[in-house]
Amino acid sequence: MLDNLEPLFPQFADSREPLVIAGPCSAETEEQTLSTARQLAENGIKIFRAGIWKPRTKPGGFEGVGKPGLEWLKKVKEETGMLTSCEVANRTHVQDAVEAGVDMLWIGARTSANPFAMQEIADTLQELKVDIPVLVKNPVNPDLELWIGALQRLYNAGIRRLGAIHRGFSVYGKHLYRNVPQWHIPIELRLRFPNLPIIVDPSHIGGKRELIAPLSQQAYDMGFNGLIIESHCSPDEAWSDAAQQLTPEVLNFVLHTLVIREDKETTENLSLLRQQIDRIDSDLMEILAKRFEVAREIGRYKKLHRMPVVQATRYNDVIKSRVNTGTAMQMDKEFLKTILLAIHDESVRQQIEIINDRDR
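Right, let's talk about the pairing of strand β3 (residues 83-88) for a bit. Most of β3 is tucked away, with six of its six residues classed as buried. What you see with β3 is no split at all: Leu-83, Ser-85 and Glu-87 on one side and Thr-84, Cys-86 and Val-88 on the other are buried throughout. The pairing of strand β2 (residues 47-49) with β3 spans three bridges and is classified as parallel. Paired with Arg-49 across the bridge in β3 is Ser-85. Chirality of the crossover, the property in question, places the unit of β2, helix α2 (residues 68-80) and β3 among those that are right-handed.

Structurally, Gln-244 can be placed in the loop between β8 (226-230) and α10 (248-257). Polar side-chain contacts of Gln-244 include one of 3.0 Å to the side chain of Glu-230. Leave out the neighbours within four places in its chain, and Gln-244 touches Arg-178, Ser-203, His-204, Gly-207, Lys-208, Arg-209, Ile-212 and Glu-230.

Let us now look at unusual backbone geometry. Negative phi is the rule for most residues except glycine; trans is the rule for most peptide bonds. Phi is positive for Asn-4, which is not a glycine, with a value near 55°. With respect to the helices and strands, Asn-4 occurs in the segment before β1 (19-23). For Lys-129, which is not glycine, the phi torsion reads 55° and is therefore positive. Within the element layout of this structure, Lys-129 appears in the loop between α5 (115-128) and β5 (134-137).

The eight strands are arranged β1-β2-β3-β4-β5-β6-β7-β8 in a closed barrel whose pairing can be described as parallel. Each neighbouring strand pair of the sheet contributes to a mean axis angle of 30°, computed without reference to strand direction. As defined by bridge partners, β1 adjoins β2 across two bridges and the pair is classed as parallel. Looking at β2, one finds that Ala-22 is bridged to Phe-48. Where helix α6 (residues 144-156) meets the sheet, its contacts fall on β5 and β6 (162-166), and the angle it forms with β6 comes to roughly 155°.

Take the pattern of salt bridges next. Per the counting criterion, the structure on display carries 20 salt bridges. The partner of Lys-67 in a salt bridge is Asp-96, and the shortest N-O contact between them spans 3.8 Å. Note that Lys-67 is positioned in the loop between β2 and α2 and Asp-96 in helix α3 (residues 91-99), a separation of 29 residues in sequence. Measuring nitrogen to oxygen at the nearest pair gives 3.3 Å for the salt bridge that ties Arg-178 to Asp-241. Separated by 63 residues along the polypeptide, Arg-178 in the loop between β6 and α7 (184-192) and Asp-241 in the loop between β8 and α10 bring together distant segments of the chain. Overlapping salt bridges, with partners in common, bring together Glu-293, Arg-296, Glu-297 and Arg-300 in one network.

If you check which residues of α3 are buried, you get His-93, Val-94, Asp-96 and Ala-97. Close packing links the buried residues of α3 with α2, β3, β4 (104-107) and α5. By the N-cap criterion, in which a side-chain oxygen at the helix start approaches the backbone nitrogen of a residue two or three places on, α3 is capped by Asn-90, the distance to Thr-92 being 3.1 Å. Backbone geometry just after α3 places Gly-101 at a positive phi near 85°.

Cut-offs and rules
- Residues numbered from 1 in each chain as written.
- Predicted model: local features only at pLDDT ≥ 70, side-chain atom pairs only at ≥ 80, totals over all residues.
- Heavy atoms only, no water.
- Buried < 20%, exposed > 50% of the residue type's maximum accessible area, 1.4 Å probe, protein only.
- Helix = DSSP H or I, 4+ residues; strand = E, 2+ residues; numbered from the N terminus.
- Pairing = 2+ DSSP bridges.
- Right-handed = clockwise from strand over helix to strand, strands pointing away.
- Polar contact = N/O pair within 3.5 Å; in protein donor to acceptor, adjacent residues only side chain to side chain.
- Contact = heavy atoms within 4.5 Å.
- Axes fitted to C-alpha atoms, helices over the stretch in contact; angles between N-to-C directions.
- Salt bridge = Lys/Arg side-chain N within 4 Å of Asp/Glu carboxyl O.

What follows is the structure in structure tokens.
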């Protein structure tokens, strides 16, 4: 399963530096595309990315220039010597991109979540018999098996220059990030498939240009294989995702401030597992904070309706159901009771504070 993978780009295989792919979210005009590419090439970027077809959440938005933009990518390659890449989501996209000589394809998060679309893309690549690198973004939802399944479909179609892109996962409500990183998921992917290149997309994880540098450093610190970053000659005027794009000049500055860890420890796998623990603990803290916020809201409701804080029947039902769920997941029954009791006690304490505070 995902064995015998080949380097994404043999010409860069001996480089000690992580791979960097950069370019605008969308190819908007020929002038904008070429201007951005020239500036990136001057700063040493070797792989240019640009969205040709743009899946949008709602109709009516800019959905990409389509096939004409592929001609602009040809000019980018001819003029700068950079390799080119774009996102594909169906059979026609793949056929048009391959025919235009695009050097690398990537699959977006919405597409990777759809097994039918992934199989269509895999079948098309197999029919075309092209030796082209393909990167697969994680699905929008945090489902590692779905991500692996998308990769496997391409592998089964004969694609050996295969990699993954970690772009974070969608969540409901306000959050620091546009897409929460949940680093433990790509770390687990790396542990299961050590030879699979994983590229991090700090633009889509952060959603804000000021978060790109720290997220990129995190990616380097965790030993991932590279970055795919959105860069635009005039980012504030971009037709899509303006807030998360950097000028080529700023991108160059960011890349030169990042620290690349050259020496790998013999305990690399242990370090990865510890990082996974750290990220899961961070997720736990966030989930607990949300739970206690809901508990405080319940406290306000109980205060308004003059209800008692502790309701024994409800408590017993909750503990019983949670313990049953946890033991089915191979956790110790007494451990679960201890944890759940501590959480319940803290919820009660916070609700009592609210009920006894006349100002709330």
